[in-house]
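Examination of the molecular architecture
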Amino acid sequence: MSIVANKPEPLLYEMSNPGTIGYSLPESDVPHTPLPTHLMRADLELPEVSEVDVVRHFTRLSQKNYCVDLGIYPLGSCTMKYNPKINEEAIRLMGMSAVHPMQTPDTAQGAMQLMYELQEYLGEISGLPAVTLQPAAGAQGELTGILVIRAYHMSRGDTARSQVLIPDSAHGTNPATSAMAGYQVVEVKSDARGNMDLQDLRAKVSNKTAGIMFTNPNTLGLFEEHVREVNQIIHDAGGLVYGDGANLNAIVGIARPGDLGFDVIHSNLHKTFSVPHGGGGPGSGPVMVRADLAQFLPSPVVAKERNSYVFKTPEHSIGRIKSFWGNFLALVRAYTYIRTYGKEHLKEIAEISVLNANYLLALIRHTYDPQIPERLCKHEFVLNGTRFKKEYGVNTLDVAKRIIDYGFYPPTIYFPLIVPECLMIEPTETQSRASLDEFANALLKIAEEARTNPQLLHDAPHDTPVTRLDDVRAAREPILHYKPPSEEKIAA
Ligand SMILES: *Cc1c(COP(=O)(O)O)cnc(C)c1O
C-alpha cells in the first residue's frame, strides 16, 4: 500500500502560466495609495496560477507525505501514536481557540480551570504533585527541571555541586540540558542487562553530584531493575533525581515516578498524551516536582482560591521560561485525552503499548537480533544490526530505507548510541494486531532480501519521488530556496 507515486512533481513555479489569476477581489472602496517602491522587489517572480492549480498541487504533495493517519509510524522514543480527532473538536470550541493571552483572569476562568485540572491530573499520574504547564517541549521541560534542582541546592547554600550524572543510553537532550544549565556531565555506563551499572554509578557519585537525569523505562525499552537503589544512591549523596518522562507510555496509570523515588520529572504531552507532533508543531513538556520543590517552579502556575482560579508566582520561582501560558491548545488536547480515558482506563495505554511492543518483538526476534534478548521489553525495543552487516554487508540504514518501499515509516535508527547498527521500534498502543502483522511481515521479507539480494537494500528506496539521498552533502550544501531547473544541482 505504497502511498508515494514514482513520478516527479512539477514545482509551483514551473506551473506558472503568465496572465493566470488565482484570486478575485471586490472593487476597492478606499482611495488608491501606491505602495512605497523601495519595499517592492522587481526580481520577485511569483508563479501565476489558478486557485484550482494551487489546491491540486498542494493536495498532491500532501498525498506523498506519510503520517500517523495513514499507518504505523514506529519511531522509537517518539511515541507516534494516533491523535484522537475528539481532541481537535475540543480545541475548536470558541472558549479554547479564541481565548486571548491578554485577557484578564476573570474573563478566562474556564481556560484556567482546564489548566488547573490538568496540573492536578499530571500531578496524580506522576506522583509528583506540583506542576508547571509552561515548557513548550520536552527539552525545555528538562531545562526547567534542572534549573529547579539548581535553585534547590542554592537555596540551601549548597553551592559546590557542579555535576549531573547521565547514563550512556540517555536521550541527547539530557547532556545538552545539563551543560546549558552550567553543569559538567558525568556519564554512567549500562550493564549487560541494559540497566545502569551500579558499580560505575557508585564510583561516580560524590558531594559534587547535583543530581542524575534518568529515563525509565530507558531508551533500550527496559524498566530499570534497580530504580529504587539508583535513586537511593543519589539521595544519600545529597543529589536529586530528575526523571526524563518524555515518554510515560509504558507506565502511565500503573507506576508513579514519585513513588519510585524521582524528585522532578517532565512529560511530553506530544508523546504520551496524544498531542500531534513530528511536523515541528507546538509541543508541551510540563514539569512535575515534589511538594517541597513547588516554590521554585516557573511563573505562573494556576491556583484555586475559594471558587476562582488565579495565576501565581511561586515564592522562589526560577522565573519565566515561556511567554504567556504555555502552548495552551496542546494542553487542551492532552486534557481531552486524559478525560476520554478517565482514571480507570488510563492504564490501558500502558498495558496495550507494552503488549504491542512485545507481540511485534516476538514475531521478528528469531530473524533480527534483540539487543538484550533475555528480557521482555516495555513500550519499545532495540535491535542490533551487527550480524546483518557482517553476514550480508547490509547496514541498518539500508534496512530502514527498504521499509519505505513497503509503505511504512521506518523506525528510529542509530539511537541509542550504545547499540551498534541500532534499530529502535515503538509501535504504540494504537496499532491493531493486523497492522503489527503487516509490519512484521515486511521486516521478515526484508531480512530475506538482505540474504538473497543485498543490492536491493543498498539502492532502496525505489518507489519514492527521490531515492537515496546524499545526507552529508545535504547537510553541507543545503538548498534552501527554489532554483529554476537549469541551476538545480541535485541530480534526479
Ligand atoms: C522526545 C524526547 C525528548 C525531547 O523532547 P522534545 O519535545 O523533542 O524536546 C527527551 N527525552 C526523551 C527520552 C525523548 O524521547
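Residues numbered from 1 in each chain as written. Predicted model: local features only at pLDDT ≥ 70, side-chain atom pairs only at ≥ 80, totals over all residues. Heavy atoms only, no water.

Notes on the overall build of the chain
Each helix and strand in the chain was counted, giving 15 helices and twelve strands. Compactness check: the chain gives a C-alpha radius of gyration of 26 Å against a globular reference of 23 Å for 492 residues, within 12% of the reference. By principal-axis analysis of the C-alpha atoms, the chain measures approximately 75 × 70 × 45 Å. A buried classification covers 47% of the 492 residues belonging to the chain. Entry remark: accessible area of the chain is about 24,500 Å², with carbon and sulfur atoms responsible for 56%. For the chain, the separation between the mean place of its 45 positive charges and that of its 56 negative charges on side chains is 3 Å. (Helix = DSSP H or I, 4+ residues; strand = E, 2+ residues; numbered from the N terminus. Rg over C-alpha atoms; globule rule 2.2 N^0.38 Å. Buried < 20%, exposed > 50% of the residue type's maximum accessible area, 1.4 Å probe, protein only. Areas by Shrake-Rupley, 256 points an atom, 1.4 Å probe, with all protein chains shown as cover. Lys, Arg positive; Asp, Glu negative; His and termini not counted. Charge placed at Lys NZ, Arg CZ, Asp CG, Glu CD.)

Points about the domain arrangement of the chain
Here the chain is described as being made up of domain 1 (2–63), domain 2 (99–341) and domain 3 (347–464). Each of domain 1 and domain 3 has a C-alpha centre, and these two points are 42 Å apart. (Domains from an automatic or database assignment.)

Considerations on the sheet that holds strand 5 (residues 240–245)
Pairing is mixed across the open sheet formed by seven strands, whose spatial order is 1-7-6-5-4-2-3. At either end of the open sheet lies a strand with only one pairing partner, and these are strand 1 (130–132) and strand 3 (184–188). The sheet shows a mean angle of 20 degrees between the axes of neighbouring strands, taken without regard to direction. When strand 1 meets strand 7 (residues 287–289), the two strands line up antiparallel, connected through three bridges. Within strand 7, the residue paired with Val 131 across the bridge is Met 288. Helix 5 (residues 138–155) contacts strand 1, strand 4 (209–214), strand 5, strand 6 (264–267) and strand 7 of the sheet and is inclined by roughly 170 degrees relative to strand 5. Strands strand 2 (163–167), strand 4 and strand 5 of the sheet are contacted by helix 8 (residues 227–236), whose axis makes an angle of about 160 degrees with strand 4. (Pairing = 2+ DSSP bridges. Axes fitted to C-alpha atoms, helices over the stretch in contact; angles between N-to-C directions. Contact = heavy atoms within 4.5 Å.)

Some words on a nonpolar patch on the surface
On the surface, Leu 11, Tyr 13, Leu 44 and Leu 46 cluster together to form a nonpolar patch covering roughly 370 Å² of accessible area. Tracing the chain through its elements places Tyr 13 in the segment before helix 1 (51–63). (Patch = residues over 30% accessible without salt bridge, like charges linked within 9 Å, V, L, I, M, F, W, Y side chains within 5 Å. Salt bridge = Lys/Arg side-chain N within 4 Å of Asp/Glu carboxyl O.)

A word on the site of the ligand
With respect to spatial proximity, the complete set of residues near the ligand consists of Ser 77, Ala 137, Gly 138, Ala 139, Glu 142, His 171, Thr 173, Asp 244, Ala 246, Asn 268, His 270 and Lys 271. The contact in question runs from an oxygen atom of the ligand to an N or O atom on the backbone of Ala 139, over 2.8 Å. Note that an oxygen atom of the ligand is positioned 3.1 Å from one of the side-chain N or O atoms of Asn 268. For the ligand, whose free accessible area comes to 380 Å², the fraction covered by protein is 84%. It is helix 5 that contributes the most residues to the shell around the ligand, three residues altogether. Taken together, the residues that form the shell around the ligand break down as three nonpolar, six polar and three charged. (Near = heavy atom within 4 Å. Polar contact = N/O pair within 3.5 Å; in protein donor to acceptor, adjacent residues only side chain to side chain. Nonpolar A, V, L, I, M, F, W, Y, C, P; charged D, E, K, R; others polar.)

Quick look at the pairing of strand 4
Among the six residues in strand 4, six count as buried, and that is most of the element. The pairing of strand 2 with strand 4 spans three bridges and is classified as parallel. Counterpart to Gln 163 in the pairing with strand 4 is Thr 209. Two elements, strand 4 and strand 5, share four bridges in a ladder whose sense is parallel. Note on strand 5: the bridge partner recorded for Phe 214 is Gly 243. Remark: the strand 4/helix 8/strand 5 crossover connection has right-handed handedness. (Right-handed = clockwise from strand over helix to strand, strands pointing away.)

Focus on the sheet that holds strand 12 (residues 422–425)
Pairing is antiparallel across the open sheet formed by three strands, whose spatial order is 10-12-11. Both outer strands of the open sheet, strand 10 (381–384) and strand 11 (412–413), are each paired with one neighbouring strand and no more. Strand contacts of helix 10 (residues 347–364): strand 10 and strand 12, with the helix running at about 20 degrees to strand 10, the strand carrying the most contacts.

Overview of the nonpolar core
Judged by nonpolar contacts, the single largest core of 55 residues is most densely connected at Leu 122, Leu 201, Ile 212 and Phe 273. Leu 201 has contacts with Leu 165, Val 188, Met 196, Ile 212, Val 230, Ile 233 and Ile 234, leaving out every residue within four places of it along the chain. Leu 383, Tyr 392, Leu 423 and Ala 442 belong to the second-largest nonpolar core, a separate cluster that totals 32 residues. (Core = buried A, V, L, I, M, F, W, Y, C linked by side-chain atoms within 4.5 Å.)

Some details on unusual backbone geometry
Put simply, Asn 216 and Pro 217 share a cis peptide bond, and its omega is -5 degrees. Checked against the element boundaries, Pro 217 lands in the loop between strand 4 and helix 8. Non-glycine residue Glu 421 carries a positive phi angle of around 50 degrees. One can find Glu 421 in the loop between strand 11 and strand 12. Given the relative accessible area of 11%, Glu 421 is considered buried. One non-glycine residue with positive phi stands out, namely Thr 428, at about 70 degrees.

Remarks on the pattern of salt bridges
A complete count under the given rule lists 24 salt bridges for this structure. Among the ionic pairs, Arg 339 bridges to Glu 117, the shortest N-O distance being 3.8 Å. With Arg 339 in helix 9 (residues 328–345) and Glu 117 in helix 4 (residues 109–126), the pair connects residues that are 222 residues apart, well separated along the chain. Residue class for Glu 117 comes out buried when judged on its relative accessible area of 17%.

Digging into the packing of aromatic side chains
Across all of its chains, the model carries twelve aromatic pairs by this definition. The interplanar angle of 0 degrees and the centroid separation of 4.0 Å between the aromatic rings of Phe 311 and Trp 325 together place this pair among those described as stacked. In this pair, Phe 311 sits in strand 9 (residues 308–312) while Trp 325 sits in the loop between strand 9 and helix 9, placing the two residues 14 residues apart along the sequence. By the ring-pair criterion, three or more aromatic residues cluster together here, those being Tyr 66, Tyr 73 and Tyr 409. Looking at Arg 290, its charged tip hangs above the ring of Tyr 152, at a distance of 6.0 Å from the centre. (Phe/Tyr/Trp six-rings, centres within 6.5 Å; stacked < 30°, edge-to-face > 60°. Lys NZ or Arg CZ within 6 Å of the ring centre and 35° of its normal.)

Brief notes about the packing of helix 2 (residues 85–92) against helix 9
At a minimum axis distance of 9 Å, the contact between helix 2 and helix 9 shows a crossing angle of 130 degrees. As the angle between them shows, helix 2 and helix 9 are arranged oblique. The interaxial crossing formed by helix 2 with helix 9 has right-handed handedness. Across from Ile 86, Asn 87, Glu 88, Ala 90 and Ile 91 in helix 2, the residues of helix 9 making contact are Leu 329, Val 332, Arg 333, Thr 336, Tyr 337 and Thr 340. Classifying every residue of the contact of helix 2 with helix 9 gives six nonpolar, three polar and two charged. (Parallel < 35°, antiparallel > 145°, perpendicular 65-115°, else oblique. Left-handed = near helix turned anticlockwise from the far one by under 90°.)

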